[in-house]
Amino acid sequence: MPAHDVLIIGAGLAGQRAALAAAQNGASVAIMSKVHPVRSHSVAAAGGINAAISIDDDWHSHAYDTVKGSDYLGDQDAIEVMCSEAPAEVMHLEHIGVTFHRNDKGEMDLRAFGGASMKRTAYVADITGQAMLHVLYEQLMKHHETVERFEEWFTTSLLLDDNGRCAGVIARDVRSGTLEAFTAKNVILACGGAGQVYKPTTNGLIVTGDGIALAYRAGAPLMDMEMVQYHPTCLVETGILITEGARGEGAHLLNANGERFMEKSAPNKMELASRDVVSRAEQIEINEGRGVGPHGAGIFLDVTVVPRRRTLEALREIVNLGRDFAGVDITREPIMIRPGQHYIMGGVKTDVDGRTSIEGLYAAGEVACVSVHGGNRLGANSLLDTLIFGRRAGEDAAARAAAMGPPRVETLAPLRADAERIDAIIARPHQGRRVSEIKAELGEAMNRHAAVFRDEEGLQSALQTVARLREEAETAWIDDRGTVFNQDVLGALELGFLLDCAEATVVAALERKESRGAQFRTDYPARNDAEWLKHIDVALGPDGPVVSYSPVTITQWEPEERKY
Amino acid sequence: MTEAHDREGGIESFTLRLRRYDPESGEAPYWDEHTVELEAHRSVLEAILQARDRFDGSIGIRCSCRQAICGSCGVRVNGEPALACHTHLDAARGGSGADGVIEIEPMGNMPVIKDLIVDMDEVHWKKIQRVTPWLLAKQPVPEREYLVPRESMVDVTQTMACIQCGACVSDCLAMEVDPGFIGPAALAKAYRFVGDPRDDQQYERLNDLAQDPQGIFDCTHCFKCVEACPKDVNPMGQIMRLRRVAIADHHIRDHNNGERHEAAFATLIKDNGLLWEAELLPRSYGGNSFFGKFAPSAAKELLSSLPSIFKALARGKVTLAGALKPHKIPSEDLKAVQGIYDKVEGRERRYELNLYISGSDEDNAPVVPEQAAVGATPSTVAPPRPDPGPPSAAEEESVTHQGGAGADASADDPEAGSEGSNSQ
């Protein structure tokens, strides 16, 4: 049975950064992922990473922009940690090899991004996440003697000891189908968000809320789950993401009349207002009949105003995406986009060291909610979040592990329980619905009722749908009866994770009777600081989700009206 | 691919023929057909996923992002390596056989685990690990970022854009013959460090890869990897760049005779306008002189090659006259060929084609005033700028880049002159 000081679940940016930090602090470390680490969805982050590294910049300005972007729901102590540590973290990445673009003086170049008061986004063309993820994986290869890798292992549940402390996980080797218990003094969840709750989404098929659901089932509260980010620029048909870097480089948004409609809702920042503001503005244009394309369901993103050479160098990936996935040369004609589900601000509630309410269990990255993003995340703050809080979780977990004895936990019974659960799914008769049908219906319902605009009626209907689908999922059947790479049975387990995440999102969205950040309630269209300047926590009780509140930490920026 | 983005393409039927393999069954691989309904511009991956969702959930394929960035879904479509998510159904049907059925198989050169899933660890990642795939940074580490030329970072971005999908490894011909060949993906990864001015071990890396008999000189220059790569990484081009830096900048002479073999190609063509095959071997081993052929190593190689030579003579592939005399081309043609050499060799610096700098191939046609790129003094690259305010920064950069692109565009293909193909 593998045993480590620190076991990390998920090998995207947060997980890999946590692993390297924990190893550097002397812990024995294992990192486990259901896919090969470079397939992790961090790879799709395009535009860049925010840090106040410019001589003229100040991390306080970055922090203020982040607070304002969060619609004052972000915890300011956590935001201060993230923004003040950002420059050193970005320099560290540069030193280990990330190929950040340079200016003519050879310094890191910075690009403009949404919601930022100045240029502070460092980038590698529009493959920043990929470049960072691959460089961190280079470091994992370098440190292969101190960080043990379990690639293509699927975590099925968390192990809790008699005191309710997290002491490891049960995981299935995807290749062989073997189920094994891993013990660890501390476990760090770093397995990303839950974009597949929605259909369509910019998120990869692997982004199924595994970590959020695992922690929720173990009793950890989730926070800010109602805050779901719709990215303003996704391809109409497939939902594929077009980076905010395009607007950072100067691209315009146009409605059917050729108007830059952002001047109505954000006269100063225009296209570079925060994402919630831009997505809402686009949806209004579409809803009011000023959309473009078939059914008027889109908006034009016009990149042709960016000098062509610059586009080819700094936005090369979206040139390819436009060509290959929409048949458009974005350097010569506008491309049709619309808002699409992209990110969840919520997640497992943690402190600034990644500690959850469960002893021995940490969370970092999109799976976690510190909360640095509050009601709306600024573009290029997510890469920063993964690295800062991944590192901090890794350091804290390693330091605490040094003072701990080996975990004492019963592994046989949980191992047997999970084995039986999986065998039962495989053995289900072909009656009722397929897993894939239920997943598709869930995604469509969430995208209809828990999207940019929400109301009581729609959310109630989503809640009922989720409840019905949960029942149907109990008997949903699969085809694959094998053990080697049985992706079918993993899909059934993932569906369970997705349903938990969806339920928490809908419950929290129903609870918050105001409009703030990404949550816009047409039945409560105003922000209401008097009643709702607080986080909504959702925890799993004996009869389902239980809602409670926690305060928002305010250090130096009092809430004020948000204007861009 | 020039369809309009706002098309409402009709749903069509597409038949997929999937190569299935169940390692637990004890049975051999078999073909499995499914017909799906999708618009023609949808991807092969979407078709496979529809078959999996509707008909058979046991179809094995790795996939996640659906947008050619995670690198999971490398397969062979109609025998050619590709990302399933990056291949349109209409294009795939166009490339299929007479029956119009799209054939999908696992990638080559790697063992199959199940259906379309191959063991990349066993081949691909082992090779990546071979090239010391991490930065060996110059010391001392600065407090802030390393100050490096902007072009160099854009340059290595092309290899950084590799998503490790394995498509190039799948169809590497050299690897098929010599499984130990480090291969296109790993060597492209090596260039990512060799080309990185922050790395302290350029010579050591190159010497290592040049001396390894399965290193940079094991590539047979077949272009398969260039065609296979979905991200324009141009792996073979990166291998050739490794050779050029090793030879021209570090004067590395390798035990594999790769460097002299390339020189033999280049000098023979310069002297004769065409390759003189019979002289290739002596020159490769004995250097560029009449007496070269009497070098002991050349004689040794000649002796070991005698069986092949006799066979070739017996089959009429080589004649005695052809062996003794070079091919002749008209003298004006020879002059033109030599003119290329003069132009390329006369430059102060090599020009290297990089798509991130120069855009697409099509962009290389219209040339803005011919100017030098990386090696030029700043004043010839971009007009002097008094005070680059933020709004104009993007435009300024684009001016710099027109310079770079123009130079690249105007450059004759550097590969034509400075290297020959290598067929060890």
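Scroll up a little and you will see the structure.
This structure is a prediction, so every number in the text was calculated from the model and none was measured.

Enquirer: Describe the overall build of chain B, naming the residues involved and giving the relevant values.
Expert: Along the backbone of chain B there are 19 helices and seven strands. Across the 424 residues of chain B, 44% fall into the buried class. Sequence separation of 24 or more characterises 68% of the internal contacts of chain B that already satisfy a separation of 6 or more.

Enquirer: Pulling in residues and values, what's your account of the nonpolar core?
Expert: Counting residues in hydrophobic clusters, the biggest one holds 284 residues, and the most contacted among them are Val6, Val187, Ile188 and Leu189 of chain A together with Ile48, Ala84 and Leu242 of chain B. Apart from the residues within four sequence positions on either side, valine 6 of chain A is in contact with Ala22, Ala27, Val29, Ala184, Lys185, Asn186, Ile188, Gly394, Ala397, Ala398 and Ala401 of chain A.

Enquirer: So what about the packing of helix 13 (residues 435–449) of chain A against helix 14 (residues 456–475) of chain A? Which residues, and what values?
Expert: In a packed pair of helices, the relevant descriptors are the angle between the two axes and the axis-to-axis distance. All names here are of chain A. In the contact formed by helix 13 and helix 14, the axes pass within 9 Å of each other and the chain directions differ by 170°. On the basis of their axis angle, the class for helix 13 and helix 14 is roughly antiparallel. Contacts from Ile438, Glu441, Leu442, Ala445, Met446 and His449 of helix 13 reach helix 14 at Gly458, Leu459, Ser461, Ala462, Thr465, Val466, Leu469, Glu472 and Ala473. Taken together, the residues that form the contact of helix 13 with helix 14 break down as nine nonpolar, four polar and two charged.

Enquirer: So what's going on with the interface of chain B and chain A? Residues and values would help.
Expert: Residue-level contacts link 64 residues of chain B with 67 residues of chain A. Among the elements of the structure, strand 6 (112–114), helix 4 (150–160), helix 16 (355–358) and helix 18 (390–410) of chain B are those that each provide at least two residues to the side of chain B that touches chain A. For the side of chain B that touches chain A, a count of residues per class yields 30 nonpolar, 18 polar and 16 charged.

Enquirer: Account for the environment of glutamate 151 of chain A, naming residues and giving values.
Expert: Residue and element names in this part refer to chain A. Counting through the fold element by element, glutamate 151 comes out in strand 6 (residues 147–151). We classify glutamate 151 as buried; it has 20 C-beta atoms within 10 Å. Dropping the residues within four chain positions of it, glutamate 151 is found in contact with Ser33, His36 and Pro37.

Enquirer: Tell me about the environment of glutamate 457 of chain A, and name the residues and values.
Expert: Residue and element names in this part refer to chain A. Mapping glutamate 457 onto the fold places it in helix 14. Classification of glutamate 457 as exposed rests on a count of 11 C-beta atoms within 10 Å. Taking the C-alpha atoms as reference points, glutamate 457 and aspartate 523, separated by 66 residues in sequence, lie 9.5 Å from one another.

Enquirer: Tell me about the sheet that holds strand 12 (residues 252–254) of chain A, and name the residues and values.
Expert: Residues and elements named next belong to chain A. Reading across from one edge, 11-14-13-12 is the order of the four strands in this open sheet, with antiparallel pairing throughout. Looking at the sheet topology across the chains shown, the edges are occupied by strand 11 (228–235) and strand 12. Taking each pair of neighbouring strands and ignoring which way they run, the sheet shows an average axis angle of 45°.

Enquirer: Kindly report on unusual backbone geometry, identifying the contributing residues and their values.
Expert: A cis amide bond links valine 370 of chain A with the next residue in sequence, serine 371 of chain A, at an omega value of 5°. A cis amide bond links glutamine 139 of chain B to the next residue, proline 140 of chain B, at an omega of -5°. Along the chain, the position of proline 140 of chain B falls in the loop between helix 3 (121–130) and helix 4. Residue asparagine 78 of chain B is not a glycine yet carries a positive backbone phi of 50°. With respect to the helices and strands, the residue asparagine 78 of chain B is situated in the loop between strand 3 (74–77) and strand 4 (80–83). According to the C-beta neighbour criterion, asparagine 78 of chain B is buried, with 20 such atoms within 10 Å.

Enquirer: How would you sum up helix 1 (residues 13–24) of chain A? Please name residues and give values.
Expert: Residues and elements named next belong to chain A. With twelve residues, helix 1 should cover 16 Å at 1.5 Å per step; its first-to-last C-alpha distance of 16 Å lies within 8% of that length. By the criterion of burial, helix 1 is predominantly enclosed, with eleven of the twelve residues buried. Looking at helix 1, one finds that the buried residues are Leu13, Ala14, Gly15, Gln16, Arg17, Ala18, Ala19, Leu20, Ala21, Ala22 and Ala23. Considering only its buried residues, helix 1 is in contact with strand 1 (3–9), strand 2 (29–33), helix 4 (128–142), strand 6, strand 9 (179–189) and helix 11 (382–402). Among the residues trailing helix 1, glycine 26 stands out with phi positive, at a value near 90°.

Scoring rules and cut-offs
Residues numbered from 1 in each chain as written. Chains lettered and ligands numbered in written order. Predicted model: local features only at pLDDT ≥ 70, side-chain atom pairs only at ≥ 80, totals over all residues. Helix = DSSP H or I, 4+ residues; strand = E, 2+ residues; numbered from the N terminus. Buried ≥ 20, exposed ≤ 12 C-beta atoms within 10 Å, placed from the backbone. Contact = placed C-beta atoms within 7 Å. Core = buried A, V, L, I, M, F, W, Y, C linked by C-beta atoms within 7 Å. Axes fitted to C-alpha atoms, helices over the stretch in contact; angles between N-to-C directions. Parallel < 35°, antiparallel > 145°, perpendicular 65-115°, else oblique. Nonpolar A, V, L, I, M, F, W, Y, C, P; charged D, E, K, R; others polar. Pairing = 2+ DSSP bridges. Expected span 1.5 Å × (residues − 1).

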